[in-house]
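Take a look at the letters that make up each chain.
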Amino acid sequence: MSELIYEDDEIQAFWFQGETPYVIISFGDMTYLANGRGFSIEIPVSKNGMSCLGVMAKRTNWYPRASLVRLRQAADPYLARYGERILYGPSMGGHAALKASALMGARTTIALCPQWSINPADGAGHDLGWKEYFHADLMGDMTLTSSDLAGDIFLFVDPYNPIDTFHEKRISELSPSVQTIPVMHCDHNVTPVLSGSRNFRTLISLCRKNNSNTLKRFVNWSRRPHFFRKKALIERGLKLKPSLTVHVVCRGLEHDPLLQEIVSYIGPSFMTHVLEYGSNPQDYDHYIDYVISSAPTVKEKFKLSFLNKAQDLSFELYTVFGSKVFYDPLQDELIHRPRGGKPSNCVPVQCFLHEAQIELYVENAHCHFSLPRRSPSQIEQGEAYFSVIEQESGRIA
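Rules of the game
Residues numbered from 1 in each chain as written. Predicted model: local features only at pLDDT ≥ 70, side-chain atom pairs only at ≥ 80, totals over all residues. Heavy atoms only, no water. Pairing = 2+ DSSP bridges. Helix = DSSP H or I, 4+ residues; strand = E, 2+ residues; numbered from the N terminus. Buried < 20%, exposed > 50% of the residue type's maximum accessible area, 1.4 Å probe, protein only. Core = buried A, V, L, I, M, F, W, Y, C linked by side-chain atoms within 4.5 Å. Contact = heavy atoms within 4.5 Å. Polar contact = N/O pair within 3.5 Å; in protein donor to acceptor, adjacent residues only side chain to side chain. Phe/Tyr/Trp six-rings, centres within 6.5 Å; stacked < 30°, edge-to-face > 60°. Lys NZ or Arg CZ within 6 Å of the ring centre and 35° of its normal. pLDDT = per-residue confidence, 0-100. Salt bridge = Lys/Arg side-chain N within 4 Å of Asp/Glu carboxyl O. Axes fitted to C-alpha atoms, helices over the stretch in contact; angles between N-to-C directions. Parallel < 35°, antiparallel > 145°, perpendicular 65-115°, else oblique. Left-handed = near helix turned anticlockwise from the far one by under 90°. Nonpolar A, V, L, I, M, F, W, Y, C, P; charged D, E, K, R; others polar.

Q: Honestly, the sheet that holds strand β12 (residues 347–348) in this entry has me stumped. Any pointers?
A: Strand pairing within a sheet occurs via backbone hydrogen bonds; the two strands may be parallel or antiparallel. The strand order across the open sheet formed by three strands is β11-β10-β12, and the pairing between neighbours is antiparallel. Each having just a single partner strand, β11 (333–337) and β12 make up the two edges of the open sheet.

This is how it looks when you write it as structure tokens:
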């Protein structure tokens, strides 16, 4: 359990006593601000038994230097016991870790997609990002300089993210001790890609040993199966090679839950790409099957089926369980069978949308029979309409 050891108007700092011969000094990013109850990496630190000074910003202030100086004095009784200090932070916290590395006497500094500065005046025509958070009275001295840096410095950045890459290059110019570890195709989401208690322990261990080759292999192993890597690849593919990307994603939707989650995350814009760039009609069918199957209720599945298949007017009927519905003329009843199965002497039930109402029917080469709403025995040629009612059991009446 951590204890609050320092607080001012801008930051809070917590101490966690571990068993390691070194201490971690961490800085949270803007997605996890101070709440008075702990710090951002408390779970991996506690699981790994690491001593840690966890620093949290009360707002998106990029950790003003005046607060860091006061913190250094307040934390000295805790830090003085440790000759090896490792500073760690992502994004806004990465900037703070770099800014405080000399101040805190760092032997190693680990910064995940950090900023060199977000002061628009420093950009010289380049987009530094986060300009809406810059306040000159609070952050006027935030720009990193060579005198801020100390020890071995590791930057983890996606080289395909132009803003993060610009910051990485400016930071690298400040010291020969800076090493950049590429985290390919993860955009600004390097932190979640490398998250987890086991990954954190490995990251700290490899950086302490200054083992960059093994570190690169570890990063590649961590990022390849991750949601944010695949998401970034798909988003870039939609910009650079939209037809190929749509084809690959749509073909994988049925079997890859991660692709389904990414498409859901991207939202309606993916549908626009399917309509505009889908060169294969089956791509559209695969995507619509995914949209319908992911609908939260049976009634919503039906609505989506009709809206998206309206241009065909008629299509086969499946249950929410994925089984296909047939009419058995000998028993005069509806039955369902697993997808791909076809009972003998049975006819697939078809759906037809007419003015937002549903007609269920069966047909063969000679006849078209609408299934009546009430008595199944009263089969007559013509129209009959069904209301879709979702029951508590999840079935349809």
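Still more to cover.
Q: What am I meant to see in the environment of serine 370 here?
A: Tracing the chain through its elements places serine 370 in strand β15 (residues 368–370). Take serine 370: its relative accessible area is 2%, and that puts it in the buried class.

Q: What exactly am I supposed to notice about the nonpolar core here?
A: Side chains of a nonpolar character, in soluble globular proteins, are inclined to be buried together. Ile24, Ile110, Phe156, Leu215, Phe270 and Tyr287 are the most contacted members of the largest nonpolar core, which totals 53 residues. The leading source of residues in this core is helix α13 (residues 281–293), at six residues. Leaving out residues up to four positions away in the same chain, isoleucine 24 has contacts with Ile41, Met50, Ser51, Cys52, Leu53, Ile86, Tyr88, Phe200 and Ile204. The next biggest cluster of nonpolar side chains, apart from the first, holds 31 residues, and it includes Ala57, Leu71, Tyr82 and Ala96.

Q: Please clarify how the side chain of asparagine 161 should be interpreted in this entry.
A: Mapped onto the secondary structure, asparagine 161 falls in the loop between β7 (152–157) and α5 (162–172). Polar contacts involving the side chain of asparagine 161 include one to the main-chain amide nitrogen of aspartate 164, which spans 2.9 Å. Leaving out residues up to four positions away in the same chain, asparagine 161 has contacts with Asp187, His188 and Arg236.

Q: How should the packing of aromatic side chains be read in this particular structure?
A: Remark: the centre distance and the inter-plane angle together describe each pair of aromatic rings, the angle taken between the planes. Summed over all chains, the structure comprises 10 aromatic pairs. Ring centres of tryptophan 62 and tyrosine 133 lie 6.0 Å apart, and the angle between their planes is 40°; on these two criteria the pair is classed as tilted. Here tryptophan 62, found in the loop between β4 (51–57) and α2 (65–79), pairs with tyrosine 133, found in the loop between β6 (108–112) and α4 (136–139); they are 71 residues apart in sequence, far enough to count as distant. Tryptophan 62 sits in the buried class, given a relative accessible area of 2%. Geometrically, the ring pair formed by tyrosine 88 and phenylalanine 200 is edge-to-face, given 5.2 Å between the ring centres and 90° between the ring planes. Separated by 112 residues along the polypeptide, tyrosine 88 in strand β5 (residues 84–90) and phenylalanine 200 in helix α7 (residues 197–208) bring together distant segments of the chain. Neither tyrosine 88 nor phenylalanine 200 differs from the other in exposure class; each is buried. Aromatic ring contacts, followed pair by pair, group Trp15, Tyr78 and Tyr82 into a single cluster. Arginine 170 extends its terminal NZ or CZ atom over the ring of tryptophan 116, reaching a point 4.2 Å from the ring centre.

Q: Just to check I follow, could you spell out the confidence of the model for the chain for this structure?
A: One rule of thumb: low pLDDT means the predicted coordinates there are not for detailed reading. Per-chain confidence: the chain averages 86 in pLDDT, with 87% of residues scoring 70 or above. Scored below 50 in pLDDT, residues 309–313 shows eight contacts in the model against residues more than four places distant or in partner chains.

Q: Explain the pattern of salt bridges here, please?
A: Side-chain pairs of opposite charge can arise whenever the charged atoms involved come near each other. Taken as a whole, this structure holds 14 salt bridges when the rule is applied. Across the pair arginine 59 and glutamate 10 runs a salt bridge whose closest N-O atoms are separated by 2.6 Å. Remark: glutamate 10 occurs in the loop between β1 (3–7) and β2 (11–16) and arginine 59 occurs in the loop between β4 and α2; sequence separation between them is 49 residues. For glutamate 10, a relative accessible area of 10% translates into the label buried. Among the salt bridges present, the one from glutamate 173 reaches arginine 170, with a minimum N-O distance of 3.3 Å.

Q: Looking at this structure, how should I read the sheet that holds strand β3 (residues 22–27)?
A: The sheet built from eight strands is open, its strands ordered β1-β2-β4-β3-β5-β6-β7-β8 with mixed pairing. On the outer flanks of this sheet lie β1 and β8 (178–182), each paired with one strand and no other. In this sheet, neighbouring strand axes are inclined to one another by 20° on average, regardless of whether the strands run parallel or antiparallel. Pairing geometry for β6 and β7, over five bridges, is parallel. Bridging across to β7, isoleucine 110 finds its partner in phenylalanine 154. With respect to the sheet, helix α8 (residues 212–223) is in contact with β7 and β8, its orientation differing from that of β8 by roughly 30°.

Q: Is there a simple way to think about the packing of helix α9 (residues 227–240) against helix α11 (residues 257–266) in this case?
A: Each pair of packed helices gets described by two things: the angle between the helix axes and the distance between those axes. Direction vectors running N to C along α9 and α11 enclose 60°, while the axes themselves pass 10 Å from each other. On the basis of the axis angle, α9 is oblique to α11. Helix-helix and strand crossings are classified by hand; for α9 and α11 the assignment is right-handed. Contacts between α9 and α11 pair Phe227, Lys230, Lys231, Ile234 and Glu235 from the former with Leu258, Leu259, Glu261, Ile262, Tyr265 and Ile266 from the latter. Taken together, the residues of the contact of α9 with α11 sort by class into seven nonpolar, no polar and four charged.

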